[in-house]
Amino acid sequence: MLKIHDVCKSYNGIKVLDHVSFEITKSDVLGLAGPSGSGKSTLLRCIQKLETFDSGSVECDGKTGFMFQDFQLFPHLTVLQNLVYGPNLGKKSAHRRQSNEKRAQAMLKNLGIEEKAATYPGSLSGGQKQRAALARSLMVDPDILLCDEPTSGLDVATTMDVVQLLQSVCQTGTTMMIASHDLDFLTKISDRIILLRDGKIAADIDAKRCRNPVDRLKKYYAD
Amino acid sequence: MGGVISNCIYLGKGLVFTLELTMGGIIIGLTLGVLLSVLRYCRICVPLVKGWSSVVRGTPLILQLSIIYFSVPGLVGVKLDMLSAGVIAFGLNSSAYMAEIFRSGIESLPKGQFEAAQTLGISNFYMWRDIILPQVVKNILPALVNEVIALLKETTLISVIGGMDVMRRSQIVAAEQFEYFMPLCIAGAYYYCMAMLIEFVGEKIEQRISYAKNP
């Protein structure tokens, strides 16, 4: 599904990604852990082609969806317009537009924010923005969903909601890569966790089989 | 009293000319200004845009107006009437300032807005038209209104090439009647009313395009 081979990237002479290689298969949920500045976000951005890398290759079968850490909803469009604007582009037939709208409304309903369809993002709470951002990234029917720090800045209850939301997305068979520094959150949701440190893979553990993944990962932080 | 009214009517005849110059200048200035600010994101166009901005902002408007009205006909063989020369000069001059205003608006948007459009597969044309510029216009509207009011006041320079705008007419009346205060006050009132009208329209547009605060 996604093959990352020997990817290197540096900013101003500082190596942010240092010979990173791994593969993920369909329906995998991969957690990317690591301290701030370890290269998690950069790796996701390289996969999404928001950044170029210096060497190596990224092969991806299928479309990618991207969820930004700070949501990046379009503030001048309502939640529903945010969802349908991309998919509606170039679709002249009213039928296709209506079906996109129905799909968007169904998605908002699933995420519990259907009453916010006509609201502008500025008046949503953090959790609601997160849901709207998730819905928008799912509207492009991604084969792989890349989530950059989906729980940063959210309170505990909202984080639990996000876990449930992402778990429900996993159940649809969507492959996911989630970058987060929150190890508890990552172990709840991921099948496998890769820990990056100084741009290198410091650990690669099977979160489902490992008995105490959080403690194991914390050891790598401390080393 | 009769004199004041007849002076008002005589000066009022220049209003249409002043408004034509301002409107023409806004249309050219806005169109070129948006184009120049977007072209700044095309690497090969950057020197051209910077050069244009630098030359236009670094030379007096009265000089630009004189070049367009007096020298261009000699160079290209096309005689320009006063209105066309004025509209072109004020429009080109304003475009450099508007481009800078738009640039500051574009740069104040989070980079993530461009990236979000990219991740949704939105092409550059639609990204600029539907995502970036609507947000930019909302943010820079007060600065744009200022620029339009400045443009209105700068149109008084048209008197240098003999254009019969409100200001020029007030000077003619003053010279004829040896009375400066009244005609200049009438001209001032006309300009003030036009500036207030622009401000009012700006406020209405601002209310219309307002939406909830940025996320």
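Parameters and conventions
Residues numbered from 1 in each chain as written. Chains lettered and ligands numbered in written order. Predicted model: local features only at pLDDT ≥ 70, side-chain atom pairs only at ≥ 80, totals over all residues. Heavy atoms only, no water. Buried < 20%, exposed > 50% of the residue type's maximum accessible area, 1.4 Å probe, protein only. Helix = DSSP H or I, 4+ residues; strand = E, 2+ residues; numbered from the N terminus. Pairing = 2+ DSSP bridges. Axes fitted to C-alpha atoms, helices over the stretch in contact; angles between N-to-C directions. Contact = heavy atoms within 4.5 Å. Buried area = accessible area lost by both parts, 1.4 Å probe. Salt bridge = Lys/Arg side-chain N within 4 Å of Asp/Glu carboxyl O. Polar contact = N/O pair within 3.5 Å; in protein donor to acceptor, adjacent residues only side chain to side chain. Nonpolar A, V, L, I, M, F, W, Y, C, P; charged D, E, K, R; others polar. Phe/Tyr/Trp six-rings, centres within 6.5 Å; stacked < 30°, edge-to-face > 60°. Lys NZ or Arg CZ within 6 Å of the ring centre and 35° of its normal. 1 Å grid on protein atoms, 1.4 Å probe; cavity = no way out; pocket = protein on both sides within 12 Å on 5 of 7 lines; lining within 4 Å. Points joined across faces, edges and corners; volume = space filled by probe spheres on them. Core = buried A, V, L, I, M, F, W, Y, C linked by side-chain atoms within 4.5 Å. Lys, Arg positive; Asp, Glu negative; His and termini not counted.

A. Broad picture of helix 1 (residues 40-47) of chain A. All names here are of chain A. The element helix 1 is largely enclosed, with a buried count of seven among its eight residues. All of the buried residues in helix 1 are Lys 40, Thr 42, Leu 43, Leu 44, Arg 45, Cys 46 and Ile 47. Just downstream of helix 1 lies Lys 49, where phi reads positive at about 65 degrees.

B. Structural context of the sheet that holds strand 4 (residues 55-60) of chain A. Residue and element names in this part refer to chain A. Read from one edge of the open sheet, three strands run 2-1-4, paired in antiparallel fashion. If you trace the sheet from one side to the other, it starts and ends with strand 2 (14-24) and strand 4, each paired once. Looking at each pair of strands side by side, their axes are set apart by 20 degrees on average, direction ignored. In this sheet, strand 4 lies alongside strand 1 (residues 2-11) in antiparallel orientation, the contact comprising five bridges. Within strand 4, the position partnered with Ile 4 by the bridge is Val 58.

C. The interface of chain A and chain B, seen in detail. On the side of chain B, 21 residues touch chain A, which itself brings 22 residues to the contact. Broken down residue by residue, the surface that chain A buries against chain B is led by Phe 74, Pro 75 and His 76 of chain A, which jointly contribute 29%. Here chain A and chain B share one salt bridge between them. Among the salt bridges present, the one from Arg 45 of chain A reaches Glu 115 of chain B, with a minimum N-O distance of 2.4 Å. Our count for the contact surface shared by chain A and chain B stands at six residue pairs in polar contact (both at pLDDT 80 or more). When contributions to the side of chain A that touches chain B are tallied by element, the ones reaching two or more residues are helix 2 (79-88) and helix 4 (126-138) of chain A. Residue classes in the side of chain A that touches chain B are distributed as 12 nonpolar, six polar and four charged.

D. Geometry of the packing of aromatic side chains. Across all of its chains, the model carries six aromatic pairs over all chains by this definition. Here the aromatic rings of Phe 125 of chain B and Tyr 126 of chain B are separated by 5.2 Å at their centres, their planes lie at 80 degrees, and the arrangement is edge-to-face. What links up through ring pairs into an aromatic cluster is the set Tyr 41, Phe 114 and Trp 128 of chain B. Over the aromatic face of Phe 74 of chain A sits the side chain of Arg 136 of chain A, whose NZ or CZ is 4.7 Å from the ring centroid. If you follow Arg 169 of chain B out to its NZ or CZ, it ends over the ring of Tyr 10 of chain B, 4.9 Å from the centre.

E. Local environment of unusual backbone geometry. Residues and elements named next belong to chain A. At Ser 27, a residue that is not glycine, the phi angle is positive and equals roughly 70 degrees. We note that Asp 141 has phi near 50 degrees; this positive angle belongs to a residue other than glycine. Along the chain, Asp 141 turns up in the loop between helix 4 and strand 6 (144-148). Assessed through its relative accessible area of 45%, Asp 141 is described here as partly exposed.

F. How the structure looks around the pattern of salt bridges. If you walk through the whole model with that rule in mind, you get 14 salt bridges over all chains. Notably, a salt bridge pairs Glu 51 of chain A with Lys 9 of chain A, separated by 3.8 Å at the nearest N-O pair. With Glu 51 of chain A in the loop between helix 1 and strand 4 and Lys 9 of chain A in strand 1, this residue pair connects regions lying 42 residues apart in the sequence. Overall, Glu 51 of chain A belongs to the buried group, its relative accessible area being 17%. Ionic pairing is found between Asp 130 of chain B and Arg 129 of chain B, a salt bridge with its closest N-O pair at 2.9 Å. Ionic contacts of the salt-bridge type, sharing partners, join the residues Lys 9, Arg 45 and Glu 51 of chain A together with Lys 111 and Glu 115 of chain B into one network.

G. Layout of empty space enclosed by the protein. Applying the stated criterion across every chain, the model contains one cavity of 30 Å³ or more. There is about 70 Å³ of room inside the largest cavity. Around the largest cavity sit Gly 65, Phe 66, Met 67, Phe 68, Phe 71, Ala 133, Arg 136, Ser 137 and Val 140 of chain A together with Thr 119 and Leu 120 of chain B, which together line it. Of all the secondary-structure elements, those providing two or more residues to the lining of the largest cavity are strand 5 (64-67) and helix 4 of chain A. Looking at the lining of the largest cavity residue by residue, the classes come out as seven nonpolar, three polar and one charged.

H. Representation of the nonpolar core in the model. Grouped together as the largest cluster of nonpolar side chains are 73 residues, with contacts concentrated most on Phe 22, Leu 43 and Met 177 of chain A. Broken down by element, the residue count for this core peaks at 13 residues, all from helix 6 (residues 124-154) of chain B. Discounting residues that sit within four places of it in the chain, Met 177 of chain A has contacts with Leu 2, Phe 22, Ile 24, Leu 30, Leu 32, Leu 43, Leu 44, Ile 47, Leu 145, Leu 146 and Cys 147 of chain A. If you look at the next biggest cluster of nonpolar residues, it comprises 45 residues, including Met 67, Val 84, Leu 195 and Leu 217 of chain A.

I. View of the side chain of Thr 119 of chain B. Within the secondary structure layout, Thr 119 of chain B lies in helix 5 (residues 111-119). Residue Thr 119 of chain B is classed as buried on the basis of its relative accessible area of 10%. With residues near it in sequence (within four places) discarded, Thr 119 of chain B still touches Gln 48, Leu 50, Phe 66 and Phe 68 of chain A.

J. Summary view of the side chain of Asp 148 of chain A. Residues and elements named next belong to chain A. Summarising the element assignment, Asp 148 is placed in strand 6. Put simply, Asp 148 is tucked away with no salt bridge, and the nearest opposite charge, on Arg 45, sits 5.8 Å away. With residues up to four places along the chain from it excluded, the contact list for Asp 148 reads Ser 41, Leu 44, Phe 66, Met 67, Phe 68, Gln 69 and Ala 179.

K. Quick peek at the sheet that holds strand 9 (residues 200-206) of chain A. Residues and elements named next belong to chain A. Spatially, the six strands line up as an open sheet ordered 5-6-7-3-8-9, and their pairing is mixed. Two strands in the sheet have a free side with no partner beyond their single neighbour: strand 5 and strand 9. On average, adjacent strands in this sheet sit at an angle of 15 degrees to one another, irrespective of strand direction. Direction of pairing for strand 3 (residues 29-33) relative to strand 8 (residues 192-197): parallel, over a ladder of four bridges. Residue pairing across strands places Gly 31 opposite Ile 193, the latter belonging to strand 8. In the packing of helix 4 onto the sheet, contacts are made with strand 5 and strand 6, and the angle to strand 5 comes to roughly 165 degrees.

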